[in-house]
Amino acid sequence: QVHLVESGGGLVQPGGSLRLSCAASGFTFSNYPMTWHRQAPGKERELVATITASGGTNYVDSVKGRFTISRDNHKNMVYLQMNSLKPEDTAVYYCNTWGGLMHFWGQGTQGTVSS
């Protein structure tokens, strides 16, 4: 079955960086788009970044120029490099993919931006 495991979260000061990783298994990784979502306390989960199977990327406006999504199809990994972090980036970050009507999620990793 599909299994997604996020890692790399932590506490960082404003202006700092974090690199999130997501290990995927249970499906043909290279054939599927991957996304990162986040959910801040008291807010709905939002789509942050998407990478297509062919490597095309898209970002929510609030992270453009600061975040970079990438994938390694040999390792079945997807990454989110987050730079120039702001307190409003504090959230649980989730890796996601989908097939037909099914969406698959990891358990999430907490990223906290605070001085």
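Further up the page is the structure itself.
Overview of the structure. Model, not experiment: these values are computed from the prediction.

**Some points on the overall build of the protein chain**
Within the protein chain one finds zero helices and eleven strands. In the protein chain, the order of α-helices and β-strands from amino to carboxyl end is β-β-β-β-β-β-β-β-β-β-β. Taken over the C-alpha trace, the protein chain has a radius of gyration of 13 Å; the compact-globule value for 115 residues is 13 Å, and the two agree within 12%. In terms of its C-alpha atoms, the protein chain occupies a principal-axis envelope of roughly 40 × 25 × 25 Å. Looking at the 115 residues of the protein chain, the share that counts as buried comes to 42%. For the protein chain, contacts bridging at least 24 residues in sequence account for 52% of all contacts bridging at least 6.

**Some words on the state of the cysteines**
In total, this model carries one disulfide according to the counting rule given. A disulfide bridge connects Cys22 with Cys95, and the sulfur atoms are separated by 2.1 Å. Given an S-S torsion of about -80°, the disulfide between Cys22 and Cys95 has left-handed geometry. Taken together, the residues span a long stretch of sequence, with Cys22 in strand S3 (residues 18–25) and Cys95 in strand S9 (residues 91–99) at a distance of 73 residues. Given the relative accessible area of 0%, Cys22 is considered buried.

**Side note on the sheet that holds strand S1 (residues 3–7)**
In space, the four strands of this open sheet follow the order S1-S3-S8-S7, with antiparallel pairing throughout. Either end of the sheet is taken by a strand with one partner, and the two such strands are S1 and strand S7 (67–72). Strand after strand, the sheet turns through a mean of 15° between neighbouring axes, direction not considered. By the bridge criterion, five bridges tie S1 to S3 in an arrangement that is antiparallel.

**Things to note about the nonpolar core**
The biggest cluster of nonpolar side chains holds 26 residues, and the ones touching the most others in it are Trp36, Val78 and Leu80. The set of elements that each furnish at least two residues to this core consists of S3, strand S4 (34–39), strand S5 (46–51), S7, strand S8 (77–82) and S9. With four residues, the top contributor of residues to this core is S3.

**Observations concerning unusual backbone geometry**
One non-glycine residue, Asn76, adopts positive backbone phi at about 55°. Positionally, Asn76 belongs in the loop between S7 and S8.

**Let's talk about the side chain of Thr109**
With respect to the helices and strands, the residue Thr109 is situated in strand S11 (residues 109–113). In terms of polar contacts, Thr109 uses its side chain to reach the backbone amide nitrogen of Gly9, at 3.1 Å. Setting aside chain neighbours within four positions, we find Thr109 in contact with Glu6, Ser7, Gly8, Gly9, Leu20, Ala91, Val92 and Tyr93.

**Details of the pairing of S3**
Inspection of the sheet shows S3 paired to S8 by six bridges, in the antiparallel sense. Bridge assignment links Arg19 to a residue of S8, and that residue is Gln81.

**Concerning the pairing of S7**
On a regular strand, each side chain points to the face opposite its neighbour's, so the side chains alternate between the two faces of the sheet. Here S7 pairs with S8 via six bridges, running antiparallel. From the neighbouring strand, Thr68 faces S8, where its bridge partner is Gln81. Here S7 folds back onto S8, and the loop between the two strands holds four residues, one of which, Asn76, carries a positive phi near 55°.

The rules behind each value
- Residues numbered from 1 in each chain as written.
- Predicted model: local features only at pLDDT ≥ 70, side-chain atom pairs only at ≥ 80, totals over all residues.
- Heavy atoms only, no water.
- Helix = DSSP H or I, 4+ residues; strand = E, 2+ residues; numbered from the N terminus.
- Rg over C-alpha atoms; globule rule 2.2 N^0.38 Å.
- Buried < 20%, exposed > 50% of the residue type's maximum accessible area, 1.4 Å probe, protein only.
- Contact = heavy atoms within 4.5 Å.
- Disulfide = S-S within 2.5 Å.
- Pairing = 2+ DSSP bridges.
- Axes fitted to C-alpha atoms, helices over the stretch in contact; angles between N-to-C directions.
- Core = buried A, V, L, I, M, F, W, Y, C linked by side-chain atoms within 4.5 Å.
- Polar contact = N/O pair within 3.5 Å; in protein donor to acceptor, adjacent residues only side chain to side chain.

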